[in-house]
Number of protein chains: 2
Amino acid sequence: MTASKARSGDGDRFGKICQGIRRAILEAALMPGDRLPEDSLGESFGVSRTIARHALGQLAAEGLVELRRNRIATVSAPTPSDARDIFDIRVALERQVVQHLAGTLTDPQVAELKAIVEAEHAARHGPDGASIRLATEFHIRLAELTRKPILIRYVTEICYRAGLSLSSLGRPHSSECAINEHLALIEVIRTGPSDKASQMMAEHLEAVASRALLGGEGRQARDLVSILQPYAED
Amino acid sequence: MTASKARSGDGDRFGKICQGIRRAILEAALMPGDRLPEDSLGESFGVSRTIARHALGQLAAEGLVELRRNRIATVSAPTPSDARDIFDIRVALERQVVQHLAGTLTDPQVAELKAIVEAEHAARHGPDGASIRLATEFHIRLAELTRKPILIRYVTEICYRAGLSLSSLGRPHSSECAINEHLALIEVIRTGPSDKASQMMAEHLEAVASRALLGGEGRQARDLVSILQPYAED
DNA sequence: CCTGCCCAAATCGCATGCAGTTGCGCGCCA
DNA sequence: TGGCGCGCAACTGCATGCGATTTGGGCAGG
């Protein structure tokens, strides 16, 4: 499925485009509403429209890209309410991750996770995009440790969506605390009972969501679309 | 995506194919391993390979279809372990559904849900496929009542995957009890506290999973792939 | 009778071409 | 100056064509 297909490495042009756009979105290089015409996309990745088009379809299925008939594809613009839903789902899924993982981490796994957190620490004063990407990588890596392909897939997808929501709706930045929370998470997953670990993950994600989403001045100009949305539903 | 693109009705050939195959899989008309060549697919839906191919991509992203490079697409063959993961995730997601819904159901909504259960009752002696489809429809309708598009999307997807798992790994049938459980669910969602409703949903889904999955003689010939899988991973 | 090789048919991967739709800019009119 | 409508360029929707790859079945050899 997607996970196995995204595993680019051979001549997988399709996966390359998907991954490229995903990363661009995650790092906030692409912002909601940005246009993604098939032609120019294919050109910049050195392939024909066909593949670019296919990739856009995939990304639309993941919720990162919006596809309207006969219109240029755009980067999705999650509403605050979307963001709320995404984080609710994310909490539910990542609780499962830590529940399955609690007490099973091997030393190399712990080391790998700590290495990611260290990278986060190193990047904490760099561009915003890198921080978000690394934090996301931490959560995805955690999911991958479960070796449950379907869970991995959903966590990955929801993490990307969350990243998009953060970069478009969130405050400029607030990753400082997340780093400590990640370290604490590793510890509690390694040693703690699964309930406690699950609870801590839930609190961590809630903290991320409220630090970034609820506190700040979420709404900019383009938010009028989310305001008008209820009126346009019928 | 599904939600916004499912706005079918006009000339949406793409959505038609997706929905057609989804339904065929859900009703067990298509079984895991069945081949889905682009040509014949497009022919039977009256479109060119291009669209059929695109639809297969979408279904692969949803996990219903397996796509291997240069090979004919096949209906996915979930392993028992996949099925376990799917139901774990499904429990987590549907708990959210009933938590959001508890105590908010309007009378027409209750009536609509009861109508679906009634249809289940009517179809309880018909072909297996119809029962599974209606039970699935119940859960999806429940999710739709939350009006949370992203949650709806994930629940829908996971329900389809669960349906595929049931029809391929499950016993011939055991929907009798599910009908009563659905009725009980409606009641507790309508009146009960959200915790209780959430708990009942979890128990219902666990019951479905264990009735169908754990009890029976899950493994047939093709399961040797899942047996060999761990050895082939590196 | 079983095994292994080789070739033709089936099928996929991808680019390109054409037709239909959108929307943007420019000129016209108030 | 500001609003309106028209026409063209850009873009998408989709089909088809060609080369590459897999498959499975026949034939030769053990």
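See the structure printed just above.
These numbers come from a predicted model, not from an experiment.

## Some thoughts on the sheet that holds strand S3 (residues 73-75) of chain B
All names here are of chain B.
Okay, so step 1: Strand order in this open sheet of three strands is S1-S3-S2, and the pairing throughout is antiparallel. A strand with exactly one partner marks an edge of an open sheet, and here the two such strands are strand S1 (35-36) and strand S2 (65-66).
Okay, so step 2: Bridge analysis of S2 against S3 gives two bridges, and the strand direction is antiparallel. Pairing of glutamate 66 across the sheet is with threonine 74, part of S3.

## So, the interface of chain A and chain B
Okay, so step 1: Taken together, the contact between chain A and chain B spans 32 residues of the former and 32 residues of the latter.
Okay, so step 2: Interface area, chain A with chain B, both sides summed: about 2700 Å², of which 51% is carbon and sulfur.
Okay, so step 3: Counting the surface chain A buries against chain B, the share from its top three residues, Ile89, Ile150 and Tyr154 of chain A, is 22%.
Okay, so step 4: Along the contact surface separating chain A from chain B lie four salt bridges.

## Quick notes on the packing of helix H4 (residues 49-62) of chain A against helix H4 (residues 49-61) of chain B
Okay, so step 1: The geometry of H4 of chain A relative to H4 of chain B is characterised by a closest axis approach of 10 Å and an angle of 35° between their N-to-C directions. Relative to H4 of chain B, H4 of chain A is oriented so that their crossing is right-handed. Across the interface between the two elements, Arg53, His54, Gly57, Gln58 and Ala61 of chain A of H4 of chain A pack against Arg53, His54, Gly57, Gln58 and Ala61 of chain B of H4 of chain B.
Okay, so step 2: Here the residues of the contact of H4 of chain A with H4 of chain B are counted per class, giving two nonpolar, six polar and two charged.

## Points about the relation of the copies chain A and chain B
Okay, so step 1: Superposition of chain A onto chain B requires a rotation of 180° combined with a translation of 0.0 Å along the rotation axis, giving an RMSD of 0.0 Å. Taken together, the rotation and translation describe the operation of a two-fold axis. Identified as the residue of chain A closest to the rotation axis by C-alpha distance is alanine 92 of chain A, at 2.9 Å.
Okay, so step 2: Both copies share a contact surface, since 91% of the interface residues of chain A are interface residues in chain B too.

## Structural notes on the sheet that holds strand S2 (residues 65-66) of chain A
Okay, so step 1: Taken together, three strands build an open sheet; the order of strands is S1-S3-S2 (chain A) and the sheet is antiparallel. Among the strands making up the open sheet, the edge pair consists of strand S1 (35-36) and S2 of chain A.

## Notes on unusual backbone geometry
Okay, so step 1: A positive phi angle, near 65°, is found at asparagine 70 of chain A, a position not held by glycine.
Okay, so step 2: Within the secondary structure, asparagine 70 of chain A sits in the loop between S2 and strand S3 (73-75).
Okay, so step 3: Among the residues examined, asparagine 70 of chain A registers a relative accessible area of 79% and is labelled exposed.
Okay, so step 4: At arginine 147 of chain B, a residue that is not glycine, the phi angle is positive and equals roughly 55°.
Okay, so step 5: When you line up the elements, arginine 147 of chain B lands in the loop between helix H7 (128-145) and helix H8 (149-169).

## Remarks on the protein's contact with DNA strand C
Okay, so step 1: Neighbouring residues of DNA strand C: 18 residues in total, closest Arg13, Ser48, Arg49 and Arg71 of chain A together with Arg53 of chain B.
Okay, so step 2: In DNA strand C, atoms within 4 Å of the protein come from the sugar-phosphate backbone in 73% of cases.
Okay, so step 3: At a separation of 2.3 Å, a phosphate oxygen of DNA strand C approaches a polar side-chain atom of serine 48 of chain A.
Okay, so step 4: Listed by contribution, the elements that provide at least two residues to the surface near DNA strand C are H4 of chain A together with helix H3 (38-45) and H4 of chain B.
Okay, so step 5: When residues of the surface near DNA strand C are assigned to their parent elements, the largest contribution, three residues, is made by H4 of chain A.

## Notes on helix H5 (residues 80-101) of chain A
All names here are of chain A.
Okay, so step 1: For H5, with 22 residues, the first-to-last C-alpha span of 31 Å sits near the 32 Å given by 1.5 Å per residue.
Okay, so step 2: A large share of H5 lies buried, amounting to 16 of its 22 residues.
Okay, so step 3: Just beyond H5, the residue with positive phi is glycine 103, at close to 80°.

## Thoughts on the packing of aromatic side chains
Aromatic ring pairs are described here by two measures, namely the spacing of the ring centres and the angle between the planes.
Okay, so step 1: Using the criterion set out here, one finds one aromatic pair over all chains in the structure.
Okay, so step 2: Look at tyrosine 154 of chain A and tyrosine 154 of chain B: their rings are 5.7 Å apart centre to centre, the planes differ by 70°, and that puts the pair in the edge-to-face class. Of this pair, tyrosine 154 of chain A sits in helix H8 (residues 149-169) while tyrosine 154 of chain B sits in helix H8, each in a different chain. With respect to class, tyrosine 154 of chain A is no different from tyrosine 154 of chain B; both count as buried.
Okay, so step 3: Cation over ring: arginine 153 of chain A sits above tyrosine 154 of chain A, and NZ or CZ is 5.4 Å from the ring centre.

About the thresholds
- Residues numbered from 1 in each chain as written.
- Chains lettered and ligands numbered in written order.
- Predicted model: local features only at pLDDT ≥ 70, side-chain atom pairs only at ≥ 80, totals over all residues.
- Heavy atoms only, no water.
- Pairing = 2+ DSSP bridges.
- Helix = DSSP H or I, 4+ residues; strand = E, 2+ residues; numbered from the N terminus.
- Contact = heavy atoms within 4.5 Å.
- Buried area = accessible area lost by both parts, 1.4 Å probe.
- Salt bridge = Lys/Arg side-chain N within 4 Å of Asp/Glu carboxyl O.
- Axes fitted to C-alpha atoms, helices over the stretch in contact; angles between N-to-C directions.
- Left-handed = near helix turned anticlockwise from the far one by under 90°.
- Nonpolar A, V, L, I, M, F, W, Y, C, P; charged D, E, K, R; others polar.
- Least-squares fit on C-alpha atoms with pLDDT ≥ 70 in both.
- Buried < 20%, exposed > 50% of the residue type's maximum accessible area, 1.4 Å probe, protein only.
- Near = heavy atom within 4 Å.
- Polar contact = N/O pair within 3.5 Å; in protein donor to acceptor, adjacent residues only side chain to side chain.
- Expected span 1.5 Å × (residues − 1).
- Phe/Tyr/Trp six-rings, centres within 6.5 Å; stacked < 30°, edge-to-face > 60°.
- Lys NZ or Arg CZ within 6 Å of the ring centre and 35° of its normal.

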